[in-house]
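Listed below are the residues making up each chain.
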Amino acid sequence: MDMQIIPPELFKQMVDNHPEPPLNCENSIIRGVRLTESRVDRAFFANCRFENCVFTNCEFHKVQLRECEFKNCIFKEVGWVDSIFDSCRFTKTTFKDCRLDKVMFSKVDASYTNFAGCDFSRAILEDSDFREVNFTDAILTETTLTKSKLYNSQKCVFADIWPSQVEDIDISEFGDNSELTSDADVLVIHLTKEPRMNLGFSLGLPEETMYGSHLQLALELKDGVTEEEIEIAKGIISSYLKFVRGNENWGLIFLPPGILENPNHYVMAKIYVTRETSGTKKTWLSVSIPQSRLEELWNDYCQVDTYLLGGRKLYNWLAQIGEAVYREVKFDVALIGDEAAGSFYADELRGKKEDKLNTHTLLFPRPNGKLVYYSSPIEMDEEQEEDNEDYDDEEEGDDDLFG
């Protein structure tokens, strides 16, 4: 593929005009650029080559770089925050006193790169090559290290790491505050026995996305549900979420196309069981996604609901997950919405008319066992009607669900 050459002056103009329009640069060679105190937000670079460039006191926030190469480049006191380096390569490149806070390195060749004095706090270093890297005075607190090579890296210190975050290094005989010594230099790994309660830290997510309310698909399971049935239901949900980081119950996911404007942005999701100890003593199986992360990705829209096209698609997708579970494990009702679990119960719905049920988003079984999707009331348009056509099969004249 032919690559265009972007002169330094033109590239600087592209940066200065950012974020209107958003900076999108592909199949380009950027050579000899000198940027000082510039800021770039939500930019995308793909198949770009940076040669002999110097960046000083710059800020790069939520920038995605895919299959890019940096050759003879210098980054001095540069902040990379919530950014992603995917399948990139560094050649004779130096990062000096840079902040790489909550940055993801995936399939990156950073061998022989100088990261002296850099802050990798809460970064994810995944399936990457860090051989012969200079980590002198680097900060690697709460950093995730998975399937990456660190052989002979200089003075690499990882603090507050738990064992499942460290692979391809033999730590089986080491306990907390252990030291693993290589031939010439020292690699120190501080291990903790259990993962942090705040899962966002261990996965590199922004801290604020783990607080506040959550959008949920909450299934009120039938009385007497068995542990085997719960595990089957959890497995079905996990197959839809397709976790790319974490385990079978929590981690990072990418939502289906059409929900987010940028499908490459990840969100956090958790699958968990809640057993009530008083009142109805019901068991709930829930899928939970932090609302704040969704609102951030929807340009800080104050509430994620079905008035948004992406919100409608998200609710419909969650309903599809509930429908898939119901085919194997029957439940009394499935609620979709903000902190949905326990907001009301199936017993409260029996005898309600259709128009009353439509004040909430839910999946509710008919007496014959057929599951019906009731979306929340909105102004219907053609596109939404197409989205919901799979669920619009309610029988005419059947106003009372349980008569």
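Our subject is the structure that appears above.
As a starting point, this report considers the structure included with it.

The rules we used
- Residues numbered from 1 in each chain as written.
- Predicted model: local features only at pLDDT ≥ 70, side-chain atom pairs only at ≥ 80, totals over all residues.
- Heavy atoms only, no water.
- Helix = DSSP H or I, 4+ residues; strand = E, 2+ residues; numbered from the N terminus.
- Buried < 20%, exposed > 50% of the residue type's maximum accessible area, 1.4 Å probe, protein only.
- Contact = heavy atoms within 4.5 Å.
- Areas by Shrake-Rupley, 256 points an atom, 1.4 Å probe, with all protein chains shown as cover.
- Pairing = 2+ DSSP bridges.
- Axes fitted to C-alpha atoms, helices over the stretch in contact; angles between N-to-C directions.
- Left-handed = near helix turned anticlockwise from the far one by under 90°.
- Nonpolar A, V, L, I, M, F, W, Y, C, P; charged D, E, K, R; others polar.

Looking at the overall build of the protein chain
Link 1 in the chain: Each helix and strand counted, the protein chain has seven helices and 30 strands in total.
Link 2 in the chain: Counting only residues that meet the buried cut, the protein chain has 51% of its 403 residues in that class.
Link 3 in the chain: Counting contacts in the protein chain only where the partners sit at least 6 residues apart, residues at least 24 apart contribute 37% of the total.
Link 4 in the chain: Working note: accessible area of the protein chain is about 19,300 Å², and carbon and sulfur atoms make up 46% of it.

A short note on the sheet that holds strand E16 (residues 94-96)
Link 1 in the chain: Taken in spatial order, the four strands line up as E4-E8-E12-E16 in an open sheet, and their pairing is parallel. The open sheet has two edge strands, strand E4 (34-36) and E16, and neither has a second partner. Averaged over all adjacent pairs, the angle separating strand axes in this sheet is 5°, with direction ignored.
Link 2 in the chain: Pairing analysis gives three bridges linking strand E12 (residues 74-76) to E16, with the strands arranged parallel. Opposite Phe75, over in E16, you have Phe95 as the bridge partner.

Considerations on the packing of helix H3 (residues 227-241) against helix H5 (residues 309-328)
Link 1 in the chain: Across the interface, H3 lies against H5 with an axial gap of 9 Å and an inter-helix angle of 145°. The way H3 lies across H5 gives a crossing that is right-handed. Contacts from Ile232, Ala233, Ile236, Ile237, Tyr240 and Leu241 of H3 reach H5 at Trp317, Gln320, Ile321, Ala324, Val325, Arg327 and Glu328.
Link 2 in the chain: Of the residues assigned to the contact of H3 with H5, the class counts are 10 nonpolar, one polar and two charged.

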